[in-house]
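Here are the chains, one letter per residue:
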Amino acid sequence: MNLFFHHVGQLGATKDFPKTVFRKHNIDVLVSEGVITDGSLLEELRSKFPTGEFNCWGVPSGASVVIRNLNEGDYVLLVKSSRIDGDIPVLCPVKIFWRAKLETLSEYLWQDSKFPFIFFFNTIDIELMWVQFIEDLGYKNNFSPRGNFYKVDNGRLEKFGGVEPYLQNIINKYSDYRNDNVDLSRLKEDGAEFGLFDLQEEEDRLIALTKSMPNLVDNSLSRRLVSITKRDRAFSILIKRHYNFKCAVCNSSLKSPNEHPAVHAAHIFPKEKMGSDDLRNGICLCLLHHWAFDAGWFSIDDNYYIILHENIPRTEDYKDIYKWENSKINLPKDANVWPHRLFLDASRRNYGFYKS
Ligand SMILES: [Zn+2]
């Protein structure tokens, strides 16, 4: 695994990051526009991006000598500016690097065919300062990257223990939720896939928490001090594991082609209301039932039976929701992580149900 960086520059970053780094492109749209015609690229995209959408970045032909060393599983930092106040806002976990020039795609994405070496990823937002980056990696203060694409010599990462611990350190320190445009759950899946998150400590903490009385909300200082990304990830993975990666309502265990389970770890009392990351405030739901739960079409009573919103339409469209009325949800083996009444009750109130 190697780390690369591309010094893009203020102008290019301002103009082009919003096009493909801060927004995703849909594979089907690109096919229908005739921009992706290569069958093997298409196959690769579909398998690596089962959601059908990706972020990508392209570099000029001049960078071919360095970028030909780029491989799947490597990381690229995109540098906006190398001024004293310059920043590095993007970390790219490379899922595909297409070695052939993709000039048509470059022209379509950035209205310029000059960026034909394209790699594909799901953007991880970070807030790393250029000066911090060069200090950490031991580059000279006057190092001027001049629009080039670089590979970071592994010797520079030794004091961190290698690429992975260095990036873990960056994500823990400089990654945040501030950009609402990105699907964070997906980014975190990617991070975990690449072994970025060492979750043991956070998992132990969440498990220990289930031994005491729960708190409905968590606005403690510790919430801000601990890496939110890490905690969220630990919550998500533990809930899914306890529910055996199955929806608590319908028992579905659908998976994407790359074996990602299509279930979510949902908060019973919502996170937007500072609902705590207590495992007893979590439940594993498939996409449909997560949506329906958050929309308030159904809720769960204190005995774990499904109750419905009185206005749920009794049409075919809603059948997979209302047909579960009065069924008991599937609970984990470990009763310590069963949904707690505190959260169930608060959730029913929040969504306009009344205590049963
Ligand atoms: Zn379901």
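This report concerns the structure included in the present document. The structure displayed is predicted, hence computed values, not measured ones. Each chain has its residues counted from 1, following the order in which its sequence is written. Since the coordinates come from a predicted model, pLDDT governs what is reported: local features require at least 70, and pairs of side-chain atoms require 80 or more to be given and counted, while whole-chain, interface and lining totals use all residues. Processing note: side-chain calculations cover all non-hydrogen atoms of the structure and skip hydrogens and water entirely.

Things to note about the overall build of the protein chain
Heads up, the condition is: Strands here are runs of E lasting at least two residues and helices are runs of H or I lasting at least four, both read from the DSSP assignment and numbered beginning at the N terminus. Only protein chains enter the area calculation, which uses a 1.4 Å probe; residues under 20% of their type maximum are buried, those over 50% are exposed, and those in between are partly exposed. Working rule for contacts: check all heavy atoms of both residues, and any pair within 4.5 Å makes them a contact. Using the Shrake-Rupley algorithm and a 1.4 Å probe, accessible areas are obtained, with residue cover drawn only from the displayed protein chains.
When helices and strands are counted, the protein chain shows 14 helices and 13 strands. Buried residues in the protein chain amount to 50% of all 356 residues. Taking the contacts inside the protein chain whose residues are at least 6 apart along the sequence as the reference set, 72% of them involve residues at least 24 apart. Looking at the protein chain as shown, the accessible area adds up to about 17200 Å², and 50% of this sits on carbon and sulfur atoms.

Looking at the coordination of the zinc ion
Threshold: Here a donor is an N, O or S atom found within 2.8 Å of the metal, or within 3.2 Å if the metal is Na, K or Ca; sites may look incomplete because water is not among the atoms. For a four-donor site, all angles between 85 and 135 degrees give tetrahedral; for four or six donors, opposite pairs above 155 degrees with the remaining angles between 65 and 115 give square planar or octahedral; all remaining cases count as irregular.
For the zinc ion, the full set of protein donor atoms is Cys247 (SG), Cys250 (SG), Cys286 (SG) and His289 (ND1), at a range of 2.0 to 2.3 Å. Here the zinc ion is ringed by 4 donor atoms whose angles at the metal span 95 to 115°, and the overall shape comes out tetrahedral. Mapping the donors of the zinc ion onto the primary sequence yields the spacing C-x2-C-x35-C-x2-H. Of this pair, cysteine 247 sits in the loop between helix H11 (228-242) and strand S10 (263-267) while cysteine 286 sits in strand S11 (residues 282-286); the two residues are 39 residues apart in sequence, bridging distant segments of the chain. Look at cysteine 247 and you get buried, because its relative accessible area is 1%. Assessed through its relative accessible area of 9%, cysteine 286 is described here as buried.

Section: the nonpolar core
To be explicit about the condition: By nonpolar core is meant a set of buried Ala, Val, Leu, Ile, Met, Phe, Trp, Tyr and Cys residues that side-chain atoms within 4.5 Å join together.
Trp57, Phe119 and Phe120 are the most contacted members of the largest nonpolar core, which totals 38 residues. Sorting elements by how many residues they give to this core places strand S7 (residues 117-121) first, with 5 residues. Counting residues in each nonpolar core, the second largest holds 36 residues, with Ala248, Val249, Val263 and Ile306 among its members.

Brief notes about the environment of lysine 240
Counting through the fold element by element, lysine 240 comes out in helix H11. For lysine 240, a relative accessible area of 5% gives the class buried. Residues lysine 240 and valine 263, 23 residues apart in the sequence, show an inter-C-alpha distance of 7.5 Å.

Details of the side chain of serine 81
Inspection of the secondary structure puts serine 81 in the loop between strand S4 (75-79) and strand S5 (87-93). A relative accessible area of 5% places serine 81 in the buried class. Beyond its immediate chain neighbours, meaning those up to four positions away, serine 81 contacts His7, Gln10, Gly86, Asp87 and Trp130.

Brief notes about the pairing of S5
Heads up, the condition is: For two strands to count as paired, DSSP must find a minimum of two bridges between them.
Counting buried positions along S5 gives 6 out of 7 residues, so the element sits mostly inside the fold. Where S4 meets S5, 4 bridges bridge the pair, whose relative direction is antiparallel. When the bridges of S5 are listed, leucine 77 appears paired with leucine 91.

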